[in-house]
Amino acid sequence: MNAYAIHRDPWVWEDPLSFKPEQFLNSSLDYQGNDFHYIPFGGGRRVCPTLNMASKINRFLLASLVHNFEWSLPNGMKSNELDMQDAFMAVLVKAVPLSVMPRAKFRNLNSSVCETR
Ligand code: HEM
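Residues numbered from 1 in each chain as written. Predicted model: local features only at pLDDT ≥ 70, side-chain atom pairs only at ≥ 80, totals over all residues. Heavy atoms only, no water.

## A word on the coordination of the iron atom of the ligand
You will see that the iron atom of the ligand has only one donor from the protein, C48 (SG), lying 2.3 Å away. Mapped onto the fold, C48 is located in the loop between α1 (3-6) and α2 (51-68). (Donors = N, O, S within 2.8 Å, 3.2 Å for Na, K, Ca; no water. Helix = DSSP H or I, 4+ residues; strand = E, 2+ residues; numbered from the N terminus.)

Here it is in structure tokens:
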């Protein structure tokens, strides 16, 4: 199954090459392999075995980063100036690496030693 082509099919997706994550905000799309035009974890017998774990960890990781840090771009760059082009390697990566500056929101994260539990 060519997931790369399916996820870029203009018959299915409006403006498929644009980065528009907000299109999924109020979407009822299923990512568990039941909607065949949206298969980030594959589907059927070869579906990613960590689908449930990975989707929970992704949310937790993103929420932790947003909760604990103020993020900005270097040299006063604006978010709409980011180069979102991709490059095809073993997996798809950003052609220009993302460079961001985190600033800890809470005092205990400003110390050089961060404790984790
Ligand atoms: C957001 C995170 C992840 C995404 C989007 C993802 C996506 C995928 C996709 C698209 C496949 C191919 C499914 C197919 O062939 O139909 C796959 C397979 C697989 N994934 Fe993931 N994956 C993720 C995280 C992980 C993690 C964290 C692990 C291991 C700790 C993992 C282990 C595997 C394994 C072992 C397979 C092969 C399953 C098989 O061929 O039977 N994945 N994953």
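## What to know about a nonpolar patch on the surface
A surface patch of nonpolar side chains, amounting to about 630 Å² of accessible area, comprises M53, I57, L61, L65, W71, L98 and V100. One can find L98 in the loop between β3 (92-94) and β4 (101-104). (Patch = residues over 30% accessible without salt bridge, like charges linked within 9 Å, V, L, I, M, F, W, Y side chains within 5 Å. Areas by Shrake-Rupley, 256 points an atom, 1.4 Å probe, with all protein chains shown as cover. Salt bridge = Lys/Arg side-chain N within 4 Å of Asp/Glu carboxyl O.)

## Re the site of the ligand
Taken together, P40, F41, G42, G43, R46, C48, P49, T50, A54 and N58 form the complete shell of residues around the ligand. Within the contact set of the ligand, an oxygen atom lies 2.6 Å away from a side-chain nitrogen or oxygen of R46. Classifying every residue of the shell around the ligand by side-chain character gives five nonpolar, four polar and one charged. (Near = heavy atom within 4 Å. Polar contact = N/O pair within 3.5 Å; in protein donor to acceptor, adjacent residues only side chain to side chain. Nonpolar A, V, L, I, M, F, W, Y, C, P; charged D, E, K, R; others polar.)

## What about the UniProt feature "binding site: heme" (unreviewed entry) in the chain?
Under the UniProt annotation, "binding site: heme" (unreviewed entry) lies at C48. For C48, a relative accessible area of 26% gives the class partly exposed. (UniProt positions renumbered as here; feature names shortened; annotations may be inferred. Buried < 20%, exposed > 50% of the residue type's maximum accessible area, 1.4 Å probe, protein only.)

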